[in-house]
Amino acid sequence: MNKATNRKQDALAYHADGRPGKIEVVPSKPTNSQRDLALAYSPGVAEPCMEIYRNPDDVYKYTAKGNLVAVISNGTAVLGLGNIGPAASKPVMEGKGLLFKIFADIDVFDLEINATTADEFVNVVKALEPTFGGVNLEDIAAPMCFEIERRLKEEMNIPVMHDDQHGTAIITSAALLNACELQHKKIEKIKLVVSGAGAAAVSCIKLYLKLGVKKENMLVFDKDGIVNIDRTDLDPMRMEFATPRKDISTLAEAMKGADVFLGLSAANVVSVEMVQSMAKNPIVFALANPDPEIAYDLAINSRKDIIMATGRSDFPNQVNNVLGFPYIFRGALDVRATSINEEMKLAAVRAIAELTKLPVPEIVHLAYKAKNLKFGKDYIIPKPIDSRLIGIVSTAVAKAAMESGVARKHITDWNAYQEELQVRLGADDKILRNLASKAKSAPKRVVFAEADNYKILKAAQIVKDEGIATPILLGNVAKIQKIMLEHGIEFGEIEIIDPWQGTEESDQYAAHLFQRRQRRGITLYEAKKLVRDRNYYGASMVEFGQADALISGLTKNYKSTLKPALQVIGTKPGVKKIAGMYMMLTKKGPVFLGDTTVNPDPTALDMVDITGMINETIKEFNITPRIALLSYSNFGSNTGSVPDKMRVATALLKEKYPDMIVDGEMQANFAMNAELLQSNYPFSSLKGVPANTLIFPNLESGNVAYKLLQELGNVEAVGPILLGLNKPVHVLQMDSSVREIVNMITIAVVDAQ
Ligand SMILES: NC(=O)C1=CN([C@@H]2O[C@H](COP(=O)(O)OP(=O)(O)OC[C@H]3O[C@@H](n4cnc5c(N)ncnc54)[C@H](OP(=O)(O)O)[C@@H]3O)[C@@H](O)[C@H]2O)C=CC1
Ligand SMILES: CC(=O)C(=O)O
Ligand SMILES: [Mg+2]
């Protein structure tokens, strides 16, 4: 099975696994009690209904309308896949909904409609106005899309934007301005060739004209060839930029001496020769999705002076409308704009272009495994992951809406607005993305003791593909290869070792184990036998530096996986007890729980050591630990062995680590609710911000808490992160999912850095 087939299977599984599709509707109010339901629905719901009846604008106050965008398509021009119909377009529209949510916290209903005429389409969408704060039209073929958008903008009082037109125009304009600057070209003088005369291309051309490109310097092509004034099949819109020139009829002819090529048409319509025939310092935007007009590598290797961009995320210069639509709608919704006008679009263009010239944050470098991204040929436009986009672009759009008179709500405190935008980005799985970025910045060799298992192999393949780790597989070679073949898992080059057969290193590993355990009842003969076991062998590889981290435990119980690591590697100097911690990815950000894994009933002194290790590890994740020692009492409100132990441990911690942010003993709700803590116990050192690290009095409570959060709170658990071993070894929970294994590998790599 080749890489393409593999990717296909991964993409299908991604969509089909678990709850089918990519989005769900989640209530935003409590629904637990009869009272909640009486307020949410009948009879309570009648109150906001009547308020809105009396004052229609109150719909923004009492419903989700103000943050709800409809992503609507009839499936007539889906990506570059053509007219595949509304149902087949649904994955794209759900995907757009997902991007709106993760990049700008906008809720989306995706609507795929059977509407083949402009009248049908317009009637459906107009009728939806009461529900939505905005409408994002998507993947509707030209020329019908122009009429649909024009009519909806005229007839609706909420912002309507056909993203393939204007989103694309905005992003490519920002990229074009920057590319021209880098290639020393004046926009008024560029010779522009456009492949495609559809929704995206027409809108780009219109915006380029506003930026200064001259109509007479432009040649446009569609499926039937050059768009010239002799054509009888052109609608008035395309006739607008039809060329009177008679000397050119093919794309190859047009490309000779051209400064800029813009492709918004179909895959592979441009050849290397065409690119080579362009003017000095050419700019090529081959933006057809998923495959561009010319492959990135072909174009970039065809000449040295080129600036090349595609719509894809796997090459430099991704020019894709995802850089625009989330933030354009965010700004428009936040000032309750009645439309998205030219001023707002141009403000977005300028904001995106200028952002490119600012120093790039470390986190973006890490995410793209790039060392020195800066305004230049390979960085003409910001990266979609850049979290500054929401602040800069949405603010520019909101200001332009206010200044151009389409805002119905005015923002006065721009600093508060900036903060609000950052909070919107949420904090639940951002930490994982950050950790993955950190891992990718210096990937490590991770040895897998249970490589004859599909889930391990799949996770190993993912981390290799993502550049997080270089896997080393332990196990029976034929068995591993059989599973790889059955499941289409490919690594390219991969090291597979079968410890059972013995290797050049086995004797050295056995001698080391014997040396460490000879006074604990292990003979050399036994040590030799033991290192044929994959857990002993894997731990030895890490101990001898032949691997940087070990992952095991998927198929064996925790203790029997841990034992070899303790015997071969041992604990860090000074560590008496190892421990385990979980990172829970809650909506309020990551919360760390410990010890959830190893020590059944730690003493107050043990608690000090464990908390110290937890504190240090969390700091490695670039998070400041705010630690609460938990019990069933608050600061002495109850007595008993558990509160007493936690109170003593807190005092010892404060003495040993004066800079540690720690307090206790306290109940979990006080730890997680800063207001509650402050109002009842204003002396507490956890002032103002809730704890992010919870230390449990014993294994039962820690284990019960994380499992409850996982099952009832639907909170993702990453771990157990093993603390205190001298080298990175991480033991999976039995039956971890592929995603959980990938997360653990990421942690192991960060641990090994
Ligand atoms: N990177 C990005 O952000 C974006 C990329 N796109 C991509 O741009 C492409 C077009 O999208 P969109 O405008 O929405 O679709 P449309 O269907 O509206 O337009 C497609 C245009 O391409 C023309 N075309 C098709 N095949 C060829 C060919 N072989 N040679 C020349 N022209 C051709 C069509 O010609 P005719 O008019 O004769 O049918 C039509 O003018 C898609 O691949 C889409 O994925 C779109 C939006 C954003
Ligand atoms: C990116 C996008 O909207 C498209 O390719 O259609
Ligand atoms: Mg599209």
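None of the values given here were measured: they were computed from a predicted structure.

Visitor: What exactly am I supposed to notice about the site of ligand 2 here?
Guide: In the vicinity of ligand 2, the contacting residues are L79, D139, D163, D164, N289, G311, N320 and N321. When grouped by side-chain class, the residues that make up the shell around ligand 2 number one nonpolar, four polar and three charged.

Visitor: Mind showing me how you'd approach the nonpolar core here?
Guide: Within soluble globular proteins, side chains that are nonpolar generally end up buried alongside one another. In this structure, A348, I352 and V397 are the most contacted members of the largest nonpolar core, which totals 118 residues. Top element by residues in this core is helix α17 (residues 388–403). It accounts for 10 residues. The contacts of A348, once residues within four sequence positions are left out, are I170, G324, I328, V393, A396 and V397. Within the second largest apolar cluster, 92 residues are counted, among which are L457, I480, I497 and V568.

Visitor: Please explain the domain arrangement of the protein as it appears in this structure.
Guide: Interfaces are often sized by the accessible area lost when the parts come together. Here the domain parsing of the protein yields domain 1 (3–158), domain 2 (163–316), domain 3 (324–425), domain 4 (435–568) and domain 5 (579–724). Here the C-alpha centre of domain 3 lies 26 Å away from the C-alpha centre of domain 2. On the side of domain 3, 14 residues touch domain 2, which itself brings 16 residues to the contact. Broken down by secondary-structure element, the contributors of at least two residues to the side of domain 2 that touches domain 3 are α8 (163–182) and β10 (307–310). Here the side of domain 2 that touches domain 3 gets 12 residues from one element, more than from any other, and that element is α8. Looking at the side of domain 2 that touches domain 3 residue by residue, the classes come out as 11 nonpolar, four polar and one charged.

Visitor: Just checking my understanding: could you explain the sheet that holds strand β19 (residues 693–695) for this structure?
Guide: Picture the strands of a sheet paired through backbone hydrogen bonds; they go either parallel or antiparallel. Taking strand neighbours across the sheet as the criterion, the six strands line up as β18-β17-β19-β16-β15-β20 in an open arrangement whose pairing is mixed. Strands with a single pairing partner mark the edges of an open sheet, and in this sheet they are β18 (661–666) and β20 (716–723). For this sheet, the mean inter-axis angle between neighbouring strands, taken without regard to orientation, is 20°. As paired strands, strand β16 (residues 589–594) and β19 are joined by three bridges and run parallel to one another. Across the sheet, L593 pairs through a bridge with L694, a residue of β19.

Visitor: Which parts of the structure should I look at to understand the packing of helix α6 (residues 118–127) against helix α7 (residues 144–155)?
Guide: Pairs of packed helices are described in terms of their axes, by the angle between the two and the distance that separates them. Across the interface, α6 lies against α7 with an axial gap of 10 Å and an inter-helix angle of 35°. Helix-helix and strand crossings are classified by hand; for α6 and α7 the assignment is right-handed. Residues A118, F121, V122, V125 and K126 of α6 form the contact with α7, whose participating residues are M144, E147, I148, R151, L152 and E155. Taken together, the residues of the contact of α6 with α7 sort by class into seven nonpolar, no polar and four charged.

Visitor: Help me out: how do you make sense of the UniProt feature "active site" (unreviewed entry) in the protein in this one?
Guide: What UniProt calls "active site" (unreviewed entry) maps, in this numbering, to K96. When you line up the elements, K96 lands in helix α5 (residues 86–104). In contact with K96, not counting residues within four places along its chain, are V71, V108, D110, N136 and E138.

Cut-offs applied
Residues numbered from 1 in each chain as written. Chains lettered and ligands numbered in written order. Predicted model: local features only at pLDDT ≥ 70, side-chain atom pairs only at ≥ 80, totals over all residues. Near = placed C-beta within 6 Å. Nonpolar A, V, L, I, M, F, W, Y, C, P; charged D, E, K, R; others polar. Core = buried A, V, L, I, M, F, W, Y, C linked by C-beta atoms within 7 Å. Buried ≥ 20, exposed ≤ 12 C-beta atoms within 10 Å, placed from the backbone. Helix = DSSP H or I, 4+ residues; strand = E, 2+ residues; numbered from the N terminus. Contact = placed C-beta atoms within 7 Å. Domains from an automatic or database assignment. Pairing = 2+ DSSP bridges. Axes fitted to C-alpha atoms, helices over the stretch in contact; angles between N-to-C directions. Left-handed = near helix turned anticlockwise from the far one by under 90°. UniProt positions renumbered as here; feature names shortened; annotations may be inferred.

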